[in-house]
Amino acid sequence: MNFSKYRVKPGSKVDLKDWDPDDRSTSPGSKEADEKRLIELAARLDELQELLYAEAKRGVLVVLQGIDTSGKDGTIRHVFREVDPLGVRAVRFKAPTADELAHDFLWRVHPHAPGKGEVVIFNRSHYEDVLVVRVHKLITEAEWKRRYELINGFERLLADNGTLILKFYLHISKDEQRKRLQERIDNPKKQWKFNTNDLAERKLWHDYIKAYTDALAATSTEWAPWYVVPSNSKMNRNLLISSVLLDTLEGLKMQYPRVKEKLDGIVVE
């Protein structure tokens, strides 16, 4: 499958209307067929993660961003369901602490970057520092524009040191967000997820979309591309992200390291 239509071309203008959040082209089958396919992809991802760990030449950073209820937690739960937890870390970035605010905005991010052989998933990320702070006018326009360049440089540093970076924007419609927020209110098992502040943030929908649009255009690079993932369908979201990950990892042509000692004839008693 060609994933280029989901990838934000470096240097291009971005209009999120060019991607239909209701697109289900990655999950055209029945629910049962799609679930079977997702399990197969997850099993293959487990194999590639083990190979990545054994080869120990690269790390993989997966960045998940999206407006509230877009499915960052669900993506991690389903896409990485079969992967050895010892080889994967998920990092959630919340509001910065006083100590973090005393440093530059990337200071708290760098220690969580993957080591060689490791997969790290950012559930939200350093991009919050050109999104939330912009929408709430906590920094000036000149500052959030300057941060684009700093982010590109930071990601280039990681890439030059062997980190493969894949960034996914989970694209949902405003009406889909309404349905998901209402479900959190109506379902007793999901009420713990709901915060009345979610409604205040929803009123800023268009401001967030503009902030995301600018960030995607300014920071999709050859070494750290953005993919716009239609996510009204959770299955389409999971299948597409799984497929992009597998396609990218298989393209690395990874190999198990050669054994230093000859093992012929060795028998374990």
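Residues numbered from 1 in each chain as written. Predicted model: local features only at pLDDT ≥ 70, side-chain atom pairs only at ≥ 80, totals over all residues. Heavy atoms only, no water.

Chemist: I tried to follow the side chain of Ser-231 on my own but got confused; where do I start?
Modeler: Residue placement: Ser-231 occurs in the loop between strand 5 (226-230) and helix 9 (234-250). Side-chain polar atoms of Ser-231 contact the backbone oxygen of Val-229, separated by 2.7 Å. Beyond its immediate chain neighbours, meaning those up to four positions away, Ser-231 contacts Pro-21, Ser-70, Leu-170, His-171, Ile-172, Arg-180 and Arg-237. (Helix = DSSP H or I, 4+ residues; strand = E, 2+ residues; numbered from the N terminus. Polar contact = N/O pair within 3.5 Å; in protein donor to acceptor, adjacent residues only side chain to side chain. Contact = heavy atoms within 4.5 Å.)

Chemist: Mind showing me how you'd approach the pairing of strand 4 (residues 163-171) here?
Modeler: Most of strand 4 is tucked away: nine of the nine residues are buried. Of the strand pairs in this sheet, strand 1 (residues 59-66) and strand 4 are connected by eight bridges, and their pairing is parallel. Residue pairing across strands places Leu-61 opposite Ile-165, the latter belonging to strand 4. Judged from the five bridges that link them, strand 4 and strand 5 form a sheet pairing that is parallel. Within strand 5, the position partnered with Lys-167 by the bridge is Trp-226. (Buried < 20%, exposed > 50% of the residue type's maximum accessible area, 1.4 Å probe, protein only. Pairing = 2+ DSSP bridges.)

Chemist: Whenever I open this one, the packing of helix 2 (residues 72-79) against helix 9 confuses me. Can you help?
Modeler: At their nearest, the axes of helix 2 and helix 9 sit 10 Å apart, and the two run at 60° to each other. Put simply, helix 2 runs oblique to helix 9. Helix-helix and strand crossings are classified by hand; for helix 2 and helix 9 the assignment is right-handed. Residues Gly-74, Thr-75, His-78 and Val-79 of helix 2 pack against Arg-237, Asn-238, Ile-241, Ser-242 and Leu-245 of helix 9. Residues of the contact of helix 2 with helix 9, tallied by class, amount to three nonpolar, five polar and one charged. (Axes fitted to C-alpha atoms, helices over the stretch in contact; angles between N-to-C directions. Parallel < 35°, antiparallel > 145°, perpendicular 65-115°, else oblique. Left-handed = near helix turned anticlockwise from the far one by under 90°. Nonpolar A, V, L, I, M, F, W, Y, C, P; charged D, E, K, R; others polar.)

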